Amino acid sequence: MRVAEAVGRGLAGLGVNTVFGVVGSGNFHVTNALVAGGARFVAARHEGGAAVMADAWARTTGSPGVLTVHQGPGLTNAMTGIAEAAKSRTPLLVLAAEAPEIRSNFHVDVAGLAAAVGAVPERLYSPASALADAHRAYATALGRRTVVLALPLNVQGSACEPGPVPALRRAYPTAPAAEAVIALTEVLRGARRPVFIAGRGARGRTAELERLAGACGALLATSAVAKGLFRGSPWNLDVSGGFATPLAAELIGDADVIVGWGCSLNMWTTRHGKLIPPRATLVQVDDDPAAIGRHRPVHLGVPGDVAETARAVADALGKPPSGTPGATGYRSAEVRDRIAGQGRWRDVAYKDESGGGRIDPRTLSITLDDLLPAERTVAVDSGNFMGYPSMFLSVPDEAGFCFTQAFQSIGLGLATAIGAAVARPDRLAVAALGDGGALMGVSELETVARLGLPMVVVVYDDEAYGAEVHHFGPDGDPLEVVRFPPTDIAAIGRGFGFDGVTVRDPADLAPVRDWLDGPRERPLLIDAKVTAGHGSWWLEEAFRGH
Ligand SMILES: Cc1ncc(C[n+]2csc(CCOP(=O)(O)OP(=O)(O)O)c2C)c(N)n1
Ligand SMILES: [Mg+2]
């Protein structure tokens, strides 16, 4: 058997069941071997899309994503998606064919490219070691790393004897140190207004965090990537950071203890530190000790798995002695009523600026929130518009929001929705894009139609790179380079096999209701011509980091 086939079958034997990619000569055999081993291959139209689909699939399922690309341009096309995955610590294995001969037109420095964007370079070193090499690469990916495995063409084509697939050593959760548990218990026992901010490392650990939060009276918030984690709790403040509601910002700003759980507490989650009150005790719990204090100094760092730490501290807290403030903490009837009344962005009054053939993006988002089924997965691209869907569209849980924004690249939103849709076919995928990001990633509209995904693509179309318009417009700079003539994106959608609707007014959304009523045979593209009178406050915040 050739190495390419042995590696593909070996990976399928490790449980790889879904693979994204674009196939050329260098990854043809390994991809077919994965398929022969039982995996589903999802063909994208651009490797940038394929990489993001694999990333989003991994985020949504919790299992490592797998991407396969052709040598040279196949890998360079995928680099933006690989960078996003690496920055997000997505478990992702990239099978990158490699032309090892320097005189080959396809030759690039695969390991150098991987390292340059923070991915882990790996390699099939020889026919004899190939299976063990692939196995090691997959195990590294399982530990929440993005791994680029170079598959040199000469090694791929050599014969090898496939041995048995060794069992994977899974990374087990790390228990927190006893002293750290005592220290965090003391902090929470003395807390009067504790707030938990949960990040991606807390996904799937809602029950343990809610139990501990109940025991110490903490309010609950998440970073943007973990939106939905505390859905349904009366103490849920939703997202902390640029997307926080005025009420969430006020209550977090009044906290005396803030605990980040599997959350980096970066500039976005803390509004460049402004959301963290200077007198608050800041704690960070993370299973990666290197993540603790990386973005902000903390008073107490607890290396350990989120669920194990929350369980241990809840046990240690026990029943609070009666009359101690820790018994109710921040959870007063008044706070609960305020969250119930003002806890969502749609509860915040605004002046509808729709008119003149353009719809206010807030009105658009609120109307869609009412129309779309609750069982949805929302994926959001980058740009000035990005806060509207992120803030106004509710999601069923943390798997219902896929936010590939660590690299702040535009053009990833559609592929994100595709990867999430493949992972969760039971949910309606909603891709929220700007016109710039939509047209950058446009080739994957064909993938949506070909796969028969019942997706809704909403384009917040201001006929501009709105982020740049609003960033530089106030300074009086010329804006011709970031403005575009009107484009009929609904017609483009129809060309790819979508139903296409142009929306200039809330009444134009009636066909969306009809589409949702069924049979949803074709995906739906909504080209919403949105008002663009002013920029968004969350982007001003994000630009501070540039
Ligand atoms: C790949 C990439 N190129 C350029 C940028 C710079 N950029 C940030 S936002 C933006 C505009 C996006 O336009 P659009 O998708 O229409 O969203 P809008 O800002 O208009 O709401 C651009 C060009 C980027 N973030 N990523
Ligand atoms: Mg735009």
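Everything below is about the structure shown above.
Let us look at the structure shown here. Each residue is numbered by its place in its chain's sequence as written, counting from 1. All chains are assigned letters beginning at A, and all ligands numbers beginning at 1, according to the order in which they are written. Reporting of local features is limited, given that this is a predicted model, to residues whose pLDDT is at least 70; pairs of side-chain atoms are given and counted only at 80 or more, and all residues count toward the totals for whole chains, interfaces and linings. Values shown for side chains rest on all heavy atoms present in the structure; no hydrogens or waters enter the calculation.

1. Quick look at the sheet that holds strand β4 (residues 92-98)
DSSP-based pairing: two strands are paired if at least 2 bridges between them are found. Every helix listed is a DSSP run of H or I at least four residues long, and every strand listed is a run of E at least two residues long, numbered separately from the N terminus. The 6 strands are arranged β2-β1-β3-β4-β6-β5 in an open sheet whose pairing can be described as parallel. Each end of this open sheet is capped by a strand with a single partner; those strands are β2 (40-43) and β5 (120-123). Across the sheet, the axes of successive neighbouring strands diverge by a mean angle of 25 degrees, strand direction being ignored. Across 2 bridges, the pairing between strand β1 (residues 18-21) and strand β3 (residues 65-69) is parallel. For F20, the partnering residue across the bridge sits in β3 and is L67. With respect to the sheet, helix α2 (residues 25-36) is in contact with β1, β2, β3, β4 and β6 (146-152), its orientation differing from that of β4 by roughly 140 degrees. Axes, fitted as lines to C-alpha atoms, cover a helix only where it is in contact. Angles between the N-to-C directions of the axes lie from 0 to 180 degrees. Contact definition: two residues touch when any of their heavy atoms are within 4.5 Å.

2. Digging into the state of the cysteines
Note: disulfide means a covalent bond formed between the sulfur atoms of two cysteine side chains. In this description, a disulfide is simply a cysteine sulfur pair whose atoms lie within 2.5 Å. In total, this model carries 0 disulfides according to the counting rule given. The structure places no disulfide on C402, whose sulfur is separated from the nearest cysteine sulfur, that of C263, by 17 Å.

3. A few points about the packing of helix α8 (residues 178-189) against helix α11 (residues 306-317)
For the pair α8 and α11, interaxial distance at closest approach is 9 Å and the crossing angle is 60 degrees. The angle between α8 and α11 falls in the class oblique. Our pair here, α8 against α11, has a crossing hand that is right-handed. Here V181, L184, T185, L188 and R189 of α8 lie close against α11, whose contacting residues are T309, A312, V313, A316 and L317. In this classification, Asp, Glu, Lys and Arg are treated as charged, Ala, Val, Leu, Ile, Met, Phe, Trp, Tyr, Cys and Pro as nonpolar, and every other residue, Gly included, as polar. Along the lines of polarity and charge, the residues of the contact of α8 with α11 split into 7 nonpolar, 2 polar and 1 charged. Relative orientations are named as follows: roughly parallel for angles under 35 degrees, roughly antiparallel for angles over 145 degrees, roughly perpendicular for angles from 65 to 115 degrees, and oblique for any other angle. Crossings are classed by handedness, with left-handed meaning an anticlockwise turn of the near helix from the far one by less than a right angle and right-handed meaning a clockwise turn.

4. Brief notes about the pattern of salt bridges
Here, a salt bridge means any Lys or Arg side-chain nitrogen found within 4 Å of an Asp or Glu carboxyl oxygen. Applying the stated criterion across every chain yields a total of 31 salt bridges. In this structure, the salt-bridge partner of R9 is E5, at a minimum N-O distance of 3.3 Å. One end of the pair is R9 and the other is E5, both in helix α1 (residues 3-13) and 4 residues apart, which spans about a single turn. Any residue under 20% of the maximum accessible area for its type is buried, any over 50% is exposed, and the rest in between are partly exposed; the area is computed with a 1.4 Å probe on protein chains only. Note on E5: relative accessible area 30%, which makes it partly exposed. Notably, a salt bridge pairs D238 with K227, separated by 3.0 Å at the nearest N-O pair. Pair noted here: D238 is in strand β9 (residues 236-239) and K227 is in the loop between β8 (219-222) and β9, with a separation of 11 residues, a long-range link. D238 gets classed as partly exposed once you look at its relative accessible area, which sits at 22%. Classification of K227 as buried rests on a relative accessible area of 4%. Look at the salt bridges and you will find they share partners, linking R358, D461, E463, D527 and K529 into a network.

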